[in-house]
Amino acid sequence: MGVTFVLGRTASQRDERVIGKIKQIAEKDPLAEVLVVVPPQSTYITEKQLMQALHAKGLMGVCVQSPARVADRVLESTYGRTVQSIDTAGKSMLLRAILDKETPELSALARCAGKSDLPVQLADLISELKTLDVTPEMLLGVETEHAATREKLKDIAHLYGRFNEAAEGLFDTEDKINLVIDHIPEADFIRRSHLVIHGFDIYNAQTVRFMKALMHTARDTVMSFYYAPAGAPDAAMYEICNENRNKFLADAMRLGLETEIVTEDRRISPDILHIEKN
């Protein structure tokens with residue numbers, strides 16, 4: 001088991017290197033299972049690139065899927081029972097009922113508790129907090145000198161906690177991902193697969209845990225990240241990419257996995273380089 005990190009700009013041969021890695025696996029063993037995880041909008045173009053690289057009219061062992069589809073497959077193969085879901089509208093209705101009941105307990109949000117759009121905004125906020133792995137207790141623990149901010153955080157934490165209690169047994173998108181993360185080690189199709197994670201720009205805390213769980217379970221992993229050398233004029237723009245890569249690199253090293261870093265330079269004409277320097 002090992003992890004290969006392929007780094008490069010958009011104009012580099014990073015994508016070609018990733019496709020080449022998949023091609024090597026497929027040519028060595030045509031029946032090898034390769035799970036390629038890409039953003040939802042990239043599944044078609046990635047399949048097309050792979051078929052061109054493999055000179056094939058279709059893909060046999062190579063499976064290109066979005067994180068949502070991978071999550072569905074994990075639950076289908078391991079969970080064994082129906083997941084009771086709650087969508088955005090259901091969350092908003094539940095929060096409306098909670099606001100009507102809990103308004104006397106609120107301070108900063110008491111005045112706006114009756115507004116029709118507040119449940120929708122709270123539902124979006126709770127979803128965002130879940131993707132960042134922020135709990136109600138963490139909100140209460142935030143230290144700030146601004147009294148108004150403290151009161152707002154206290155109210156949000158209170159409503160967030162009440163929502164979790166009321167929605168127990170119901171899974172929104174973020175809860176479903178947490179359930180998937182717990183069951184990934186049990187998924188045989190992931191254990192059999194060579195994993196490729198490609199095309200993602202930014203990883204939130206929950207997505208990092210999801211991808212790490214896949215990396216820990218798969219036979220081996222190839223991950224791509226955008227990258228610019230430290231001395232490049234636009235290096236600061238790639239800091240978030242470097243931070244994300246370092247999270248996975250540190251985790252792989254902690255687990256004692258063999259790691260490889262491949263850096264691809266960008267392809268650019270001398271004229272463009274001259275313009276950039278001047």
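Our subject is the structure that appears above.
Figured I'd write up the structure that's included with this text.

1. Overview of helix H5 (residues 118–131)
Then, number 1: In this model, H5 (14 residues) spans 20 Å end to end at C-alpha, consistent with the 20 Å of a helix rising 1.5 Å per residue.
Then, number 2: What H5 keeps buried is the set Leu118, Pro119, Leu122, Ala123, Ile126, Ser127, Leu129, Lys130 and Thr131.
Then, number 3: Downstream of H5 by one or two residues, aspartate 133 has phi in the positive range, about 60 degrees.

2. Focus: the pattern of salt bridges
Then, number 1: Taken as a whole and judged by the stated rule, the model has 16 salt bridges.
Then, number 2: Of the charged contacts in the structure, one is a salt bridge between glutamate 174 and lysine 91, with a shortest N-O distance of 3.9 Å. Separated by 83 residues along the polypeptide, glutamate 174 in helix H8 (residues 173–183) and lysine 91 in helix H4 (residues 88–102) bring together distant segments of the chain. In terms of burial, glutamate 174 and lysine 91 fall into one category: buried.
Then, number 3: Taken together, the shared-partner salt bridges in this structure form one network comprising Lys91, Lys130, Asp172, Glu174 and Asp175.

3. Overview of the environment of arginine 73
Then, number 1: Of note, arginine 73 is situated in helix H3 (residues 67–78).
Then, number 2: For arginine 73, a relative accessible area of 22% gives the class partly exposed.
Then, number 3: Distance in space between the C-alpha atoms of arginine 73 and valine 180 is 9.3 Å, their sequence separation being 107 residues.

4. Points about the packing of H3 against H8
The angle between the axes and the distance between the axes are what describe a pair of packed helices.
Then, number 1: Interaxial distance between H3 and H8 falls to 9 Å at its minimum, and their mutual angle equals 60 degrees. Of the possible angle classes, the one that applies to H3 and H8 is oblique. Judged by the twist between their axes, the crossing of H3 over H8 is left-handed. Across the interface between the two elements, Ala71, Asp72, Val74, Leu75 and Thr78 of H3 pack against Lys176, Ile177, Leu179, Val180 and His183 of H8.
Then, number 2: The residue inventory of the contact of H3 with H8, partitioned by class, reads six nonpolar, two polar and two charged.

5. Quick word on the side chain of glutamate 174
Then, number 1: Residue glutamate 174 is classed as buried on the basis of its relative accessible area, which comes to 11%.
Then, number 2: In contact with glutamate 174, not counting residues within four places along its chain, are Lys91, Ser127, Lys130, Thr131 and Gln206.

6. A look at the pairing of strand S4 (residues 194–197)
For a regular strand, side chains alternate in direction, first toward one face of the sheet and then toward the other.
Then, number 1: Covered by surrounding structure in S4 are His194 and Val196 together with Leu195 and Ile197, the residues of both alternating faces.
Then, number 2: Looking at chain direction, strand S2 (residues 34–37) and S4 are connected through four bridges and run parallel. By the bridge assignment for S4, valine 36 is matched with valine 196.
Then, number 3: Here S4 pairs with strand S5 (residues 220–226) via four bridges, running parallel. Pairing of isoleucine 197 across the sheet is with methionine 223, part of S5.
Then, number 4: Taken together, S4, helix H10 (residues 205–217) and S5 constitute a β-α-β crossover, and its handedness is right-handed.

7. Overview of the packing of aromatic side chains
Then, number 1: According to the stated counting rule, one finds five aromatic pairs in the structure shown.
Then, number 2: Members of the aromatic cluster, connected to one another through ring pairs, are Phe5, Phe200, Tyr203, Phe225 and Phe248.
Then, number 3: The lysine or arginine in question, arginine 14, covers the ring of tyrosine 226, its NZ or CZ lying 4.1 Å from the ring centre.
Then, number 4: A cation over an aromatic ring shows up here: arginine 73 above the ring of phenylalanine 189, its NZ or CZ 3.9 Å from the ring centre.

8. Description of the nonpolar core
Then, number 1: Core analysis: the biggest nonpolar cluster contains 36 residues, and Ile190, Tyr203, Phe210, Met211, Leu214 and Phe248 have the highest contact counts within it.
Then, number 2: The biggest single contributor to this core is H10, with six residues.
Then, number 3: What leucine 214 contacts, discounting residues up to four positions off in sequence, is Val37, Val70, Ile184, Ile190 and Leu195.
Then, number 4: Listed in part, the 21 residues of the second largest apolar core include Leu99, Leu106, Leu122 and Ala157.

How each quantity is defined
- Residues numbered from 1 in each chain as written.
- Predicted model: local features only at pLDDT ≥ 70, side-chain atom pairs only at ≥ 80, totals over all residues.
- Heavy atoms only, no water.
- Helix = DSSP H or I, 4+ residues; strand = E, 2+ residues; numbered from the N terminus.
- Expected span 1.5 Å × (residues − 1).
- Buried < 20%, exposed > 50% of the residue type's maximum accessible area, 1.4 Å probe, protein only.
- Salt bridge = Lys/Arg side-chain N within 4 Å of Asp/Glu carboxyl O.
- Axes fitted to C-alpha atoms, helices over the stretch in contact; angles between N-to-C directions.
- Parallel < 35°, antiparallel > 145°, perpendicular 65-115°, else oblique.
- Left-handed = near helix turned anticlockwise from the far one by under 90°.
- Contact = heavy atoms within 4.5 Å.
- Nonpolar A, V, L, I, M, F, W, Y, C, P; charged D, E, K, R; others polar.
- Pairing = 2+ DSSP bridges.
- Right-handed = clockwise from strand over helix to strand, strands pointing away.
- Phe/Tyr/Trp six-rings, centres within 6.5 Å; stacked < 30°, edge-to-face > 60°.
- Lys NZ or Arg CZ within 6 Å of the ring centre and 35° of its normal.
- Core = buried A, V, L, I, M, F, W, Y, C linked by side-chain atoms within 4.5 Å.

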